[in-house]
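# Structural description and commentary
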Amino acid sequence: MRFNPRLLASARHIVVFTGAGVSAESGIATFRDKLTGLWERFDPAELASAEGFRRDPALIWGWYEMRRAGIAQAQPNPAHLAIAELAQRVPKLTLVTQNVDDLHERAGSADVLHLHGQLDAARCFDCARPAGAVLELPEGAGDGKRIEPPLCSACGGPLRPGVVWFGENLPEQALSQAFLAAADCDLLLSIGTSGVVQPAAMIPGVALEAGARVVHINPQVTGAGHAREFALAGKAGELLPQLLREAFG
Ligand code: OAD
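Starting from 1, residues in each chain are numbered consecutively following that chain's sequence as written. At least 70 in pLDDT is required for a residue's local features to be given in this predicted model, at least 80 for side-chain atom pairs to be given and counted, and no such filter applies to totals for whole chains, interfaces and linings, which use all residues. Hydrogens and water molecules were not included; the side-chain quantities draw on all heavy atoms of the structure.

## Overview of the UniProt feature "binding site: Zn(2+)" (unreviewed entry) in the protein
- UniProt positions are given in the numbering used here, feature names are shortened, and annotations may be inferred rather than shown by experiment. The sites that carry the UniProt feature "binding site: Zn(2+)" (unreviewed entry) are, in the present numbering, Cys124, Cys127, Cys152 and Cys155. Taken along the chain, the residues just named run across 32 residues; in space they keep tight, none of their C-alpha pairs more than 8.5 Å apart.
- Within the fold, Cys127 resides in the loop between strand E4 (123-124) and strand E5 (159-160).
- Using a relative accessible area of 38% as the deciding quantity, one classes Cys127 as partly exposed.
- Put simply, DSSP marks the helices as runs of H or I at least four residues long and the strands as runs of E at least two long, and each gets a number from the N terminus on. As for its placement among the helices and strands, Cys155 is situated in the loop between E4 and E5.
- Per-residue accessibility, obtained with a 1.4 Å probe over protein chains only, is compared with the maximum for each type, and a residue is labelled buried under 20%, exposed over 50%, and partly exposed between these values. Its relative accessible area of 43% is what places Cys155 among the partly exposed residues.
- In what follows, a contact means two residues having at least one pair of non-hydrogen atoms within 4.5 Å. Apart from the residues within four sequence positions on either side, Cys155 is in contact with Cys124, Asp126 and Cys127.

So, in structure tokens, the structure goes:
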């Protein structure tokens, strides 16, 4: 059955659940894209771990600084903008993202629940004290090189990026708010996520079980196995503005 875009206009509470695919059209690589340069022979899961950082802090910090430089250069795309606009048009919208960039915020979305942390929120690897202000990017960070992490002003330990690494817990408050919203919503849009990293990947299922409709937007269509589940095959930056036009235009 085809998804009726008008359901966006009549929804009481929409949850928008995003992954790396929503930022792909801003030029940010997704996690399943192959790495290049210094990091070519690594799997992202090896780089995104405390063990990886302990083994070689400059390699890992350099990788994240390169990603931060890429994000600083990037602009929100029509998908980020459509999500921010949708929030203005419906009674309630909860935006839950697995992304560590700030493109949703820069598109105008407020109160974004960042399940996997935020790149800008560096903290001490040893004592967990936040770095405070957003760190200035070092010269040439975008070129992709090893960079020694700055040191914590309190204990002298190395700073680490404010993201959730494999094997670590997700931020408790954001996670519980996300699950509560999923259980409460009547429509969930799952956009640009491969749905393989737990526990975030459970969120669409929670909404479905609670009676909501679930719409997946992804060029690689995943099966829509439930009567209330829909798969729209295509790019978020094209499909979302089109859906909004059809729902409200
Ligand atoms: P993935 O890289 O696993 O998946 C990105 C998804 O976006 C894929 O299913 C693509 O088909 C889809 N995609 C690509 N271009 C798109 C476009 N223009 N529009 C819509 N969809 C598009 O990214 P995530 O699902 O976000 O975790 O990955 C989940 C987590 O795994 C990440 O948050 C990260 C990673 O390891 C941590 O860092 C803890």
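## Quick look at the site of the ligand
- Residues in close proximity to the ligand total 22 residues, the closest being Arg32, His116, Thr193, Ser194 and Asn218.
- His116 has a polar side-chain atom sitting 2.7 Å from an oxygen atom of the ligand.
- Any pair of nitrogen or oxygen atoms within 3.5 Å is treated as a polar contact; in protein, a donor-acceptor pairing is required on top of that, and neighbouring residues in sequence qualify only through side-chain atoms on both sides. At a separation of 2.9 Å, a nitrogen atom of the ligand approaches a polar backbone atom of Ala236.
- Relative to its unbound accessible surface of 800 Å², the ligand loses 92% to contact with the protein.
- For the ligand, the cavity whose grid points lie within 2 Å of the majority of its atoms is the largest pocket.
- For the shell around the ligand, the secondary-structure elements that each account for two or more residues are helix H2 (21-24) and strand E7 (213-218).
- Boundaries between domains were set according to an automatic or database domain assignment. When residues of the shell around the ligand are sorted by domain, at least three fall in each of domain 1 (1-27 + 75-118 + 169-249) and domain 2 (29-73 + 120-160). By convention in these notes, a residue is near a molecule or strand provided one of its non-hydrogen atoms lies within 4 Å of it. Surface accessibility in these figures is a Shrake-Rupley result with a 1.4 Å probe; residues are shielded only by whichever protein chains are displayed. Cavities and pockets were defined on a 1 Å grid built over protein atoms only: a cavity is a set of grid points that admits a 1.4 Å probe from which the probe cannot escape, a pocket is an open set flanked by protein on both sides within 12 Å along at least five of seven lines, and lining residues are those with an atom within 4 Å of any such point. For this analysis, a molecule is said to be in a pocket or cavity if more than half of its atoms are within 2 Å of the grid points defining it.

## Some details on unusual backbone geometry
- Note the cis peptide between Gln198 and Pro199, where omega equals 0°.
- Here Asp111, not a glycine, exhibits a phi torsion of approximately 55°, which is positive.
- Note that Asp111 resides in the loop between helix H7 (103-106) and strand E3 (113-114).
- Positive phi is not limited to glycine here, since Ala128 has a value of about 70°.
- Structurally, Ala128 is set in the loop between E4 and E5.

## Some points on the domain arrangement of the protein
- For the protein, the assigned domains read domain 1 (1-27 + 75-118 + 169-249) and domain 2 (29-73 + 120-160).
- A separation of 28 Å is found between the C-alpha centroids of domain 1 and domain 2.
- Counting from both sides, the interface comprises 13 residues of domain 1 and, opposite them, 10 residues of domain 2.
- Two parts placed together each lose some accessible area under a 1.4 Å probe, and adding up what both lose gives the buried area. Area buried by domain 1 at its contact with domain 2 is led by Ala20, Val100 and Gln118, which between them contribute 39% of it.
- Run the count over domain 1 and domain 2 and you get 3 residue pairs in polar contact (both at pLDDT 80 or more).

## Notes on the UniProt feature "binding site: substrate" (unreviewed entry) in the protein
- The sites that carry the UniProt feature "binding site: substrate" (unreviewed entry) are, in the present numbering, Tyr64 and Arg67. Checked against the lining of the largest pocket, the annotated residues reduce to Tyr64 and Arg67.
- Within the secondary structure, Tyr64 sits in helix H5 (residues 57-73).
- If sequence neighbours within four positions are ignored, Tyr64 has contacts with Leu47, Ala48, Leu119, Pro161, Val163 and Trp165.

## Brief notes about the side chain of Ser23
- Its place among the elements puts Ser23 in helix H2.
- Polar contacts involving the side chain of Ser23 include one to the side chain of Asp101, which spans 2.8 Å.
- The contacts of Ser23, once residues within four sequence positions are left out, are Ile28, Asn77, His80, Asn99, Asp101 and Leu103.

## A short note on empty space enclosed by the protein
- Grid points are joined across faces, edges and corners, and a volume is the space filled by probe spheres set on the points. One pass over the structure, following the stated rule, counts 1 cavity of 30 Å³ or more.
- Of the volumes computed, that of the largest cavity is approximately 30 Å³.
- Lining the largest cavity are Trp61, Glu65, Arg68, Leu119, Asp120, Ala122, Leu135 and Pro161.
- Note that Gly is not counted as nonpolar here; it falls among the polar residues with everything else outside the nonpolar set of Ala, Val, Leu, Ile, Met, Phe, Trp, Tyr, Cys and Pro and the charged set of Asp, Glu, Lys and Arg. A per-class count over the lining of the largest cavity returns 5 nonpolar, no polar and 3 charged.

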